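Descriptive structure summary
Letter by letter, the chains look like this.
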Amino acid sequence: MPFQAPITIAAALERMARHDYVLPAIQREFVWGPDRICKLFDSLMRGYPIGSFLFWKVNGDKVKSYTFYDFVRTYHAKNSPHCPTLDVERGKDVTAILDGQQRLTALNIGLRGSYAERLPRMRVNNPLAYPTKRLHINLLARGDDDELELAYHFRFLTSDEAKARDAGTFWFPVSEIRSISEGDQVFDITARHELPNAAGRVLFKLYEVVKRQTLINYFEEEDQSLEKVLNIFIRVNSGAVPLSFSDLLLSIATSQWRERDAREEIHALVDDLNRTGQGFSLDKNSVLKSGLVLLGRSDIRFRVDNFDRHTMLAMEEGWDDIERALRLAAQLLSDFGFSSATLPANSVIIPLAHYAHLRRLDTGYLRRAADAQDRAEIRRWLLRAVIKGGIWGSGLDTLLGGLRAVLDAEARTGFPRESLEREMSRQSKPLRFDPLEIDDLLDLKYGATKSFALLALLYPGIDVRNAFHVDHVYPRSRFTAARLRAAGIADQDIPAYLERVDRLANLQLLEGTENVDKRAALPWEWVQRAYPDPAAQAGYLYRNDLGELPPLTDFLAFYDRRRALMRERLLELLGIDPAAAAEARDQGDDTRHALTEEAPHIRRSQRRDIGAHIISAFTSLAPGGFLTINQIRTHRSEEYGDEFPSAGAISARLFPLTGRCTVPGVEPGVNERGVRGARKAQVER
């Protein structure tokens, strides 16, 4: 593998443009962001080494045996994030890049193309969310750019942004350096724009870096054996931005499929799945893992050995069925109201796809009345499986293997929910909830991923196939200290208002159009406008446990009442004995017993006074001193000795479901950071 004579960046760009340099199918996608590209150009300008490159010379008689891709030039995060397929003419020798794709693509974008990424807080489908930006250098910059740690100020800018001019700013498009054939032309440019000599020196430096200095140092492998080249590829790609397993496995699949382009097929499927409904954030991992599961492979771990040639050819042969099953599973998730914002675990799509694959379900399944009960069973299992913590994390492959075995044995006639839950219990991942978990769920805040699933479980009478938003019942905009005080709320109650406004009992599911219409309206005003018919209005309030929607001054009573109703619903839906739940909550049982249908009789044998523990925590504090719930929990008291009560038990005593806190000498509330706890009461004189 000889070391070749180095070439200039301009020469490398020409070879990319002529398609003499290509990307082999075993390469991954371009993953650098604009800041990384800017740092590469800064390193070049400062004379820093950027590393050597590894190329593979592919003879013309072998070129049609492989799939190749072109370099990204105009990167667009939504419309063109992938390397385009390249049809290399038969008989043409090409050089495939084994190591250096990211650097060469960055040079290609910076000197020949553009970069468009989504602006923060703008929707994916907004065409204005992806402005086209080109690389510029500020010829008048002085000193380091602290924001990006650059000595030379490179930035990706829109054409309007690049027009900015002042005493220290002149943005020059980096791509225009390619049109300069002689170094003297640099100073013609600076003279035309009346720029100082210092700007000319910066521009001349850029010219030398791109067109004069031989900075591309590379080795070239001439062996035509794909096996050897793949081994080299794996070794050299273990550094820099490391290959993920899915990148590597996709590369192997691409090199072994015969009739299809694995990269193109899998990327297209991932993109389509993520466009389903309100959009998902699935990736190659989900698709490749699904392939192993649906093919029935005994070992579904992400290991190179599990993606051997036999498995890859079987995946190619069964691709249509795998793709059909994943599409139906994604549509089913969407019909249940899930999206990237509300699905806590992407892996849940795999057992759904396997079920669809086993039963060879078509899109008619999504709507047929005869399948309604089956869909309801899936929904019930799914909601519990995503609400329960710790299911889709560690031990995922073992879980998926067990779920697949159950589905293989019992899914031919319908969704075996109970058998799946038994298997999950066997793997110590039961879909059972102890009483204190219920309190944690009821304290979920706005924006929590599980909030949608929990509200959908509690209030199932909505068609979530439409775009539904998690919305505040009493609008958040009304909950500032100043506005609450103006509305007549007592100062001592304001912290409780601020603490509760974002929690579950003040949240509901609203269709997107309704949410826009509601905006910041107080709930009783909006309900009268949205449901002018008294019967419809009463039905809406009843279905959502909203009651009479009292004025803002009675928000705390509304909150406590609705939270209590939510708790009753959850206890019933999840099969927990209410009496046992009440006892566990009051006692502050830190062992969190699993009180379920199978074991409602479990009780705590020793009662401890959680109130005494709380009082003890405040004994040494001065009046007005504040402790968070966690600080109260970790306080050592005679009541608990070397043990600690649970945070849920303390929270239940300080913030009871109904009424006020009855622990003497403390005032529950939040501190300046919004953390719940209590303050020692002032001594009355």
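Residues numbered from 1 in each chain as written. Predicted model: local features only at pLDDT ≥ 70, side-chain atom pairs only at ≥ 80, totals over all residues. Heavy atoms only, no water.

On to unusual backbone geometry. For His19, which is not glycine, the phi dihedral falls at a positive 65°. With respect to the element layout, His19 can be found in the loop between helix H1 (9-17) and strand S1 (21-24). The class for His19 is partly exposed, based on a relative accessible area of 27%. You will see that Ser428, though not glycine, has its phi angle at about 60°, which is positive. Relative to the elements of secondary structure, Ser428 occurs in the loop between helix H15 (417-426) and helix H16 (435-442). Overall, the relative accessible area of 64% leaves Ser428 in the exposed class. (Helix = DSSP H or I, 4+ residues; strand = E, 2+ residues; numbered from the N terminus. Buried < 20%, exposed > 50% of the residue type's maximum accessible area, 1.4 Å probe, protein only.)

Here Asn285 is to be found in helix H9 (residues 284-294). Taking the relative accessible area as the measure of exposure, Asn285 reaches 30% and is therefore partly exposed. Asn285 sits 15 residues away from Val270 along the chain, and the two C-alpha atoms are 9.8 Å apart.

In terms of burial, strand S11 (residues 169-173) is a largely internal element, four of the five residues being buried. Across three bridges, the pairing between strand S8 (residues 134-138) and S11 is antiparallel. Bridging across to S11, Asn138 finds its partner in Trp171. Here strand S10 (residues 165-166) runs beside S11; their pairing, made up of two bridges, is antiparallel. Within S11, the position partnered with Arg165 by the bridge is Phe170. In this structure, the hairpin formed by S10 and S11 is closed by a connection of two residues. (Pairing = 2+ DSSP bridges.)

Take the pattern of salt bridges next. A complete count under the given rule lists 33 salt bridges for this structure. For the salt bridge of Arg103 with Asp99, the shortest nitrogen-to-oxygen distance reads 3.8 Å. With relative accessibility at 13%, the residue Arg103 sits in the buried group. Each member of the salt-bridge network shares a partner with another, and the members are Glu377, Arg384, Arg417, Glu418 and Glu421. (Salt bridge = Lys/Arg side-chain N within 4 Å of Asp/Glu carboxyl O.)

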